[in-house]
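# Coordinates in review
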Amino acid sequence: METLLAITIGCLVAAAVYLMLARDMLRFLFGLTLISNAVNLAIFASGRITVGGVPPLVPDGEKYPVGDVANALPQALILTAIVIGFGLFAFSLVLAMRAYSALGTLDTDAMRLSEADDEKGDAA
Amino acid sequence: MNSLILTTATRLIVAILLVFSVFMLLRGHNEPGGGFIGGLIGATGFVMYAIACGTAEARAALRAAPEQIAMVGLGVAALAGLASALFADPLFTGQWLFLGASEGEKGLPLSTVLVFDIGVYLVVMGGILTLVFALEEEI
Amino acid sequence: MAQHSEHPASFWTLASVVPPLIAAGLFAFFLSFLPAVAAGEGLRHAVPWVPSMGVELSFFIDGLSLTFALLISGIGVLVMLFSGSYLAGHPQHARFSLYLVSFMLAMLGLVLADNLLALFVFWELTTITSFLLIGFNHDSKVSQRAALQALLVTGTGGLAMLAGFLMIGSVAGTMELSALRDMGDVLRDSPMYLPILILVLAGAFTKSAQFPFHFWLPNAMAAPTPVSAYLHSATMVKGGVYLLARMHPNLSGTDVWMWTLVIFGAFTTVFASVVALKQNDLKQTLAYTTLMALGALVLYLAAPGGYAITAMATFLVVHSLYKAALFLMIGCVDHATGTRDARRLGGLIRRMPVTGIAGGLAALSMAGMIPFIGFIGKELLYKGGLESPASVVIVTGAIFAASALMFAIAGVVAFKPFWGTDAHMPQLDRPIREAPLPMLAGPVVLGALGLYFGLDSHTLQVAVTDPIAGALLGDMEKGKDLHLWTGVNAALVLSILTFATGVVIYVFHKALRDRIDEAAARLISFDAAWDSFLAGMTRGAVAVTAQLQTGVLSRYLLVVFATITVVIGGTILLRGLDIGSPVLDGISYVHLVVFGLTIAGTLVAVATNSRIAAIAGLGVVGIGVALVFIQFGAPDVAITQILVEMLVVVLFSVAALRLPTLPPARPVSERTLHAAVSIGLGVVVAAVVIGVTSVPLDLNLTEYFEKNSYPIAHGKNIVNVILVDFRAFDTFGEISVVAVAAISAYALLKQRKPKGTS
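Quick summary incoming for the structure in this document. (Residues numbered from 1 in each chain as written. Chains lettered and ligands numbered in written order. Predicted model: local features only at pLDDT ≥ 70, side-chain atom pairs only at ≥ 80, totals over all residues. Heavy atoms only, no water.)

### What to know about the overall build of chain C
The test is simple: Where helices and strands are cited, they refer to DSSP runs of H or I of at least four residues and of E of at least two residues respectively, numbered from the N terminus. Partly exposed residues are those whose accessible area sits between 20% and 50% of the maximum for their type, while under 20% is buried and over 50% is exposed, using a 1.4 Å probe and protein chains only. When checking whether two residues touch, look at their non-hydrogen atoms; a contact exists if any pair is within 4.5 Å. Note on areas: Shrake-Rupley, 1.4 Å probe, and residue coverage restricted to the protein chains presented here.
In terms of regular secondary structure, chain C is built from 31 helices and 2 strands. Buried positions account for 56% of the 758 residues belonging to chain C. Intrachain contacts of chain C at a sequence separation of at least 6 include 78% that bridge at least 24 residues. Working note: accessible area of chain C is about 30000 Å², and carbon and sulfur atoms make up 69% of it.

The structure is reproduced here in structure tokens:
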């Protein structure tokens, strides 16, 4: 099962990197979302997969979890990583929109050129 | 989007989502849920409201500014962490009070851990709404 | 510095008085250890520093470190007295005193540290403080260059040394010098011995200015004279010698050690004494004689013989005494006459008799005249050379040449300015006078000590040379006796020959100087080579920066991703990756559908040119990932993932209204390159994940959480308990990030628009 998951992660990473290498900011953001997903899955995989594993909950009347329990630690890490990844994504999106309204382009090459010209006028 | 059906339905759904989000927050210590999930659900409710009725109305319904909610949440979480200082424990050590506890019955648990989770809830909800409202107003 | 004599300022300021008092206090403190150390004891004192890494701040006092500590603090007192008067009235005198005291403390730490890492830290502290001292006249280009050069040369050596120390630590399992002393065999038999030796020697040779790293030391004479006297005679450059002596029990005893030290030491000592003769500036002359002494000390650390080590220990003290005295003496002369040019100074004995006699005493010790301690030192050097297991001819020959030249140079430095002709003396509009008392104290005390130890060599033997022999050879009995008169033997004959040769050289030194000048002009200059090396580094950096810092985001990312791919992928290819057999247990069609869905969504997001299709593809990926979480027992994560994915799609859709449509795909050539890097990285990541999951997992932490979640933290949802209780502080950091991201985005968007427009 881990092998299958690893291949899926590999596909996600390859696609994310390919998108991030594009000069277009929007494609870059698509890549960013994909790579966050890939990393979360990788953390999940490194905590090992329990096939048919039950969630890490303590059943009523027990003191400890019973049976094949999924590893709780990576789950806690991923949970916060997802929320932070969302914060990062939203911030980048806002940045892209700001850049577009200020520079009129989402092409990172063109941005670099217009940045110098517009330094005084637009980027307040 | 001035669909009457959407607007009406959304009011109902937002109310349900808000109640549900608090439910998820409170049960989080023992069942799937918690501050992160609760905050996300609450935020989703207001995001839907903003889409259906506009951000201005969503802001009005929220009453407080979302960025203030986030900051208050951060403060609540920090206070919950600092509370352990009163009991000479290390930072962020959970403190528990079991109301009405008796033999074999734990009673109603109140804890700084719950307060901390409420802080998380507020930060997540406030933070996301700040972002989303700002983005939508940009359009 | 002579200009300060024109407006004499009071010596009685804090900046003048406090440093010598500190040094004197330390000197007295270290003196109190002398009886115990002379009895052969080693004292250790440790304070925990980074207990989790086994690093403690530990100090160790034995014969070797105590000798250095006494020299550093003792000469420190005299140098600080001197500079208190020399720099009195200088606007930055207080700063200077601070640097000097800091340097002394760092140096003391260096010689007293028992832990190799602590030793390294102090080592670099001496580098930094000496940088400040050499560059004290910071508005002079010469000082700036000299300070930077010293910093870079010794700093680089220090880093190499650190690498060597870490290797020692990994081979021996300890970083404590007191424990390493008995582990010489472990180190010598290790396959890492050669790399360790090279790295440690790199540190010692740069610090102690052995050829070919010698060039920084004469340049460092740009520092004020007391600094030269202190750092570049008695202390800083001896740091390398100290290190070699410290490492002697651990690393010596092999042919590599012996021949490396013999060759570098012998060459440095002869080379330096020849070049010393050609200098006109007396400070420069002394700088090169310091190189000569350092070479000799290194030379005698090559072999484990009793005479060699006793000679090293004696000469260490001899050199520190006469060199500091002569530097300070020249400081007095410079102060009074405004020049240090050997060709002009002469006849000063009538004006400055005390300085002249003190300098004369020091110079006689330097020349190795009987009954000075220098004579005993030279005799021992010859005896050590004659019993050298490496090569009697090389060692004795080098010492003979160097000693004869020293004899001549002693005449140039201390005889000629006082008893030579005053025909070329510069005309001054003020009388030439003795320097004030605090400045005179150094040359007088140190010069007199050279004579005293010559007459009472037994004290030196008990206090210094025997304990050092004990520290280096493990047995104080192996130290040889110090006697002025040992009968007529080979060493005495050599001494007499040395004097004769020295006199000849002194008489003809002006002619020789011109010859050396001519020869030196034809040799490559290491100083100039250093400059071109630095210039080359700058050019290289500019070229690399122009390639890497293009300002094109996709280029940066390409470099980063390609580097990760090559480094990790290359490691996997080189080292091999044990991935075991593929773990494919328990796969059902449900899993295949979930993974298939995820990959299909990915492909859509990559291939399409439509924004809506791409966003939909991303949504599918997000849901697929959430399904993965659900399948394998992570409901909390799955719920969060679905909620966040919804918000991502909503935000993308909202943004899509505002942003332009996607540009067409990139040109084919670019596409191929990007695809190659992406696929490469994808494969590497997949391989790493497979590799990681095929080794056993340490479940300690998870088990702790499972065991304690309900009993201690009263929570049944372990994931949530980890988040809000066990690791609450982490979570607090994370929600702070969310809040900060929200506020920054808000600020970005709202900076022009008034609030509430929709």
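### Some details on unusual backbone geometry
Omega for the bond connecting Phe211(C) with Pro212(C) falls within 30 degrees of zero, at 5°, which places this linkage in the cis form. With respect to the helices and strands, the residue Pro212(C) is situated in the loop between helix H9 (193-207) and helix H10 (216-219). At the junction of Ile370(C) and Pro371(C), the peptide bond is cis and its omega measures out at 5° in the coordinates. Unlike most non-glycine residues, Arg63(B) shows phi in positive territory, near 70°. By relative accessible area, which is 77% here, Arg63(B) ends up exposed.

### A word on the interface of chain C and chain B
Where we set the bar: By buried area we mean how much accessible surface two parts lose on assembly, using a 1.4 Å probe and totalling the loss over both. In what follows, salt bridge is the name for a side-chain nitrogen of Lys or Arg lying within 4 Å of a carboxyl oxygen of Asp or Glu. As used in this structure description, the phrase polar contact means that two N or O atoms lie within 3.5 Å; if the pair is within protein, one of them must be able to donate a hydrogen and the other to accept it, and residues adjacent in sequence are counted only when both atoms belong to side chains. Each residue receives one of three labels: charged for Asp, Glu, Lys and Arg, nonpolar for Ala, Val, Leu, Ile, Met, Phe, Trp, Tyr, Cys and Pro, and polar for the others, Gly being one of them.
Counting from both sides, the interface comprises 42 residues of chain C and, opposite them, 45 residues of chain B. Between chain C and chain B the total buried area reaches about 4100 Å² when both faces are included, carbon and sulfur atoms providing 74% of it. By the criterion of area lost to chain B, the three top residues of chain C are Leu647(C), His714(C) and Ile735(C), representing 14% of everything that side buries. Between the two partners, chain C and chain B, sit 0 salt bridges. Our enumeration of links across chain C and chain B arrives at 10 residue pairs in polar contact (both at pLDDT 80 or more). Those elements that place two or more of their residues in the side of chain C that touches chain B are helix H27 (635-658), helix H30 (718-726) and helix H31 (728-750) of chain C. No other element matches the 15 residues that H31(C) contributes to the side of chain C that touches chain B. Taken together, the residues of the side of chain C that touches chain B sort by class into 26 nonpolar, 9 polar and 7 charged.

### Re the environment of Ile718(C)
All names here are of chain C. Counting through the fold element by element, Ile718 comes out in helix H30. Ile718 gets classed as buried once you look at its relative accessible area, which sits at 0%. Linking Ile718 and Lys707, residues 11 residues apart in sequence, is a C-alpha distance of 9.7 Å.

### Some remarks on the interface of chain A and chain C
Taken together, the contacts link 86 residues of chain A with 97 residues of chain C. Taken together, the two surfaces of chain A and chain C that pack against each other cover about 8300 Å², and 76% of this comes from carbon and sulfur. Of all residues in chain A, Met1(A), Tyr18(A) and Leu21(A) give up the largest surface area on contact with chain C, accounting jointly for 9% of the area buried on that side. Where chain A meets chain C, there are 2 salt bridges. Note that Lys716(C) and Asp60(A) form a salt bridge whose closest N and O atoms lie 2.7 Å from each other. Taken together, the elements giving at least two residues each to the side of chain A that touches chain C come down to helix H1 (2-20), helix H2 (25-46), helix H3 (72-103) and helix H4 (108-118) of chain A. Residues belonging to the side of chain A that touches chain C are distributed by class as follows: 57 nonpolar, 17 polar and 12 charged.

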